Protein chains: 2
Amino acid sequence: MREPRQERSRTTRRRLMQAAVECLGELGWNGTTVAVIAERAGVSRGAAQHHFPTREDLVTAAVAHVGDKQIVELRARAAALPSGPSRAEPVARMLLDLYTGPMFRAALHLWVAASTDEALRGVLVPLEARVGREVHRVALELLGADESRPGVRETVQATLDLARGLGLANLLTDDTRRRGQIARQWARILEPAVGAPAGTAGAAAPS
Amino acid sequence: MREPRQERSRTTRRRLMQAAVECLGELGWNGTTVAVIAERAGVSRGAAQHHFPTREDLVTAAVAHVGDKQIVELRARAAALPSGPSRAEPVARMLLDLYTGPMFRAALHLWVAASTDEALRGVLVPLEARVGREVHRVALELLGADESRPGVRETVQATLDLARGLGLANLLTDDTRRRGQIARQWARILEPAVGAPAGTAGAAAPS
C-alpha cells in the first residue's frame, strides 16, 4: 500500500508544479491563484493546499523544480557534444538559449511581482541565489573554465547575465536570429577569455 | 496668453509621465491606473485623459520620455570623461549601469504585463525597437566602435543585452559590487573586441 500512495503523491505535486509554471507564463502572478492552478492540474483545491500551504510555496517550488530539471537537461545535452574546439559555439548557444523558454517566462513574472511584494521577495531571493550558483557551476563545467585565473569567474558570470538579458529580449518578440549571431560572436570572445581550450573538460566531467 | 498655456500643458504632461514611471515601479502594471497616476501628479483625471486618452498611451509615453532623457544624460556624462585608454572601464561601467534605475524597473513591469496583454504589446514593441536602436547608436559612439569590422556589431549588442541582464539581477537585491567586478572584466574584453582604441571617438562625436 505505501509505495503507490507515495507515488501518487509525487505525481500530484509534479502536476501542480507544472500547472503553476504554465499559469504564471500565461496569466501572470495576479492570475495565478491556487484555485486556478489546482483546476488546471485536475487536483482538488484541498489536495493542492495539503501539498503547498500557500500560493508562494507552490509557485516557488514550481520554479525551483523546473530550474533543477533544466540543469539536468543542460548537462545531458552538453555531454552529447563532441569535444575539442568545435564545442565552443554550441556551448555558447546552449547557455545563451537558457532563458528563452516557459521557465524563464514564469520566473520573470515572479521576480517582477516580488519587486513590489515583500512576502514573495522573502521566498524568492534565497531560491534565486541557489539556482544561480547551480547554473554557474554547470556553465563552468561546460566551458571547461579555470576559475583560478583572474577574470574567468566574471566572464562566466557575464555569460549568464547576458543569457538573462537575451531572455528579456525574447519576451515580446522572437529574437532567435539575432541571438544566434550574438552566440557566434560570443563563442569567439569566450574561448580566449575563459582560458582553457573550451570543451576539453566539460564532456568528461562527472555530473 | 499662448505661450504660458503651452508651457502649462508641457508641465502637466511631464508631471503625468514622471508619476506614471513612479507608480509602475512601486505598484506594478495592475496598480497603475490613470486615476492613481493623476492623483500622484496633482492633476485632475479629466486633464490626464485630455493629454493621454488611454492608460497604454500614458505609460508608454512615460517610458519613452524617460528613456530619451536617459540617453541625453548618458551622452553628457560620457562627454565629461577623459579620452584615451583609461576611458574603457568607465564607459563599460556606464553602459552596464544603464538598466539599474527606476526607469528599467518601470519598463520591466510593462514588458512583463505586455507578455500576457495583446493591446499593451502592440504599443510597446515598436517603442522598444526605437529606444533599443537609439541606445545602440550611443553605445557605438561611446565605445568608439567600428561596426564595419566583423563581430563588432554583435559585441556592442551583447554589451547592451548584458546590461539588461544585470538590471534584472539588481531587481530584488543590490548587485552593485558584483556588477562592478563584471564591468572591470568587461572593459578588458571590450577593448580588443570592438577594435578601435576605446574612447578616442566617443568624446568628440557630435550628438
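What comes next concerns the included structure. Treat the numbers as computed from the prediction; the structure is a model and nothing was measured.

The rules behind each value
- Residues numbered from 1 in each chain as written.
- Chains lettered and ligands numbered in written order.
- Predicted model: local features only at pLDDT ≥ 70, side-chain atom pairs only at ≥ 80, totals over all residues.
- Heavy atoms only, no water.
- Axes fitted to C-alpha atoms, helices over the stretch in contact; angles between N-to-C directions.
- Helix = DSSP H or I, 4+ residues; strand = E, 2+ residues; numbered from the N terminus.
- Left-handed = near helix turned anticlockwise from the far one by under 90°.
- Contact = heavy atoms within 4.5 Å.
- Nonpolar A, V, L, I, M, F, W, Y, C, P; charged D, E, K, R; others polar.
- Salt bridge = Lys/Arg side-chain N within 4 Å of Asp/Glu carboxyl O.
- Buried < 20%, exposed > 50% of the residue type's maximum accessible area, 1.4 Å probe, protein only.
- Least-squares fit on C-alpha atoms with pLDDT ≥ 70 in both.
- Buried area = accessible area lost by both parts, 1.4 Å probe.
- Polar contact = N/O pair within 3.5 Å; in protein donor to acceptor, adjacent residues only side chain to side chain.

1. Points about the packing of helix 4 (residues 55–79) of chain B against helix 6 (residues 102–114) of chain B
For any two helices packed against each other, one specifies the crossing angle of their axes together with the interaxial distance. All names here are of chain B. Taken N-terminus to C-terminus, the directions of helix 4 and helix 6 make an angle of 145°; their axes are 10 Å apart at the nearest point. Two packed elements cross with a definite hand, and for helix 4 against helix 6 that hand is left-handed. Where helix 4 abuts helix 6, its residues Val-59, Val-63, Val-66, Gly-67 and Gln-70 lie against Met-103, Ala-107 and Leu-110. A breakdown of the residues in the contact of helix 4 with helix 6 according to their chemical character gives 6 nonpolar, 2 polar and no charged.

2. A closer look at the pattern of salt bridges
All chains considered together, the criterion is met by 26 salt bridges over all chains. As a salt-bridge pair, Asp-161 of chain A and Arg-164 of chain A come within 3.5 Å of each other at their nearest N and O atoms. With Asp-161 of chain A and Arg-164 of chain A both in helix 8 (residues 152–169) and 3 residues apart, the pair spans about one turn of that helix. Like Asp-161 of chain A, the residue Arg-164 of chain A is buried in the burial classification. Each of Asp-161 and Arg-164 of chain A together with Asp-175 and Arg-178 of chain B takes part in a single network of salt bridges with overlapping partners.

3. Considerations on the relation of the copies chain B and chain A
Superposing chain B onto chain A requires a rotation of 180° together with a translation of 0.0 Å along the rotation axis, leaving an RMSD of 0.0 Å. Expressed as a symmetry operation, the mapping of one chain copy onto the other fits a two-fold axis. Of all interface residues in chain B, 100% are interface residues in chain A too; the two copies therefore contact each other through one and the same surface.

4. Here's the deal with the interface of chain B and chain A
Across the boundary between the two partners, chain B contributes 40 residues, which contact 40 residues of chain A. Taken together, both faces of the contact between chain B and chain A bury some 3,200 Å²; the carbon and sulfur share is 69%. Taken as a group, Asp-161, Leu-168 and Leu-172 of chain B account for 20% of the area that chain B buries against chain A, more than any other trio of residues on that side. Scanning the region where chain B abuts chain A turns up 2 salt bridges. Residue Arg-178 of chain B pairs with Asp-161 of chain A through a salt bridge whose shortest N-O separation is 3.0 Å. Taken together, the links from chain B to chain A amount to 8 residue pairs in polar contact (both at pLDDT 80 or more). Every element with two or more residues in the side of chain B that touches chain A is listed here: helix 1 (2–31), helix 6, helix 7 (118–143), helix 8 (152–169) and helix 9 (176–194) of chain B. Ranked by residue count, the leading element in the side of chain B that touches chain A is helix 8 of chain B, at 11 residues.

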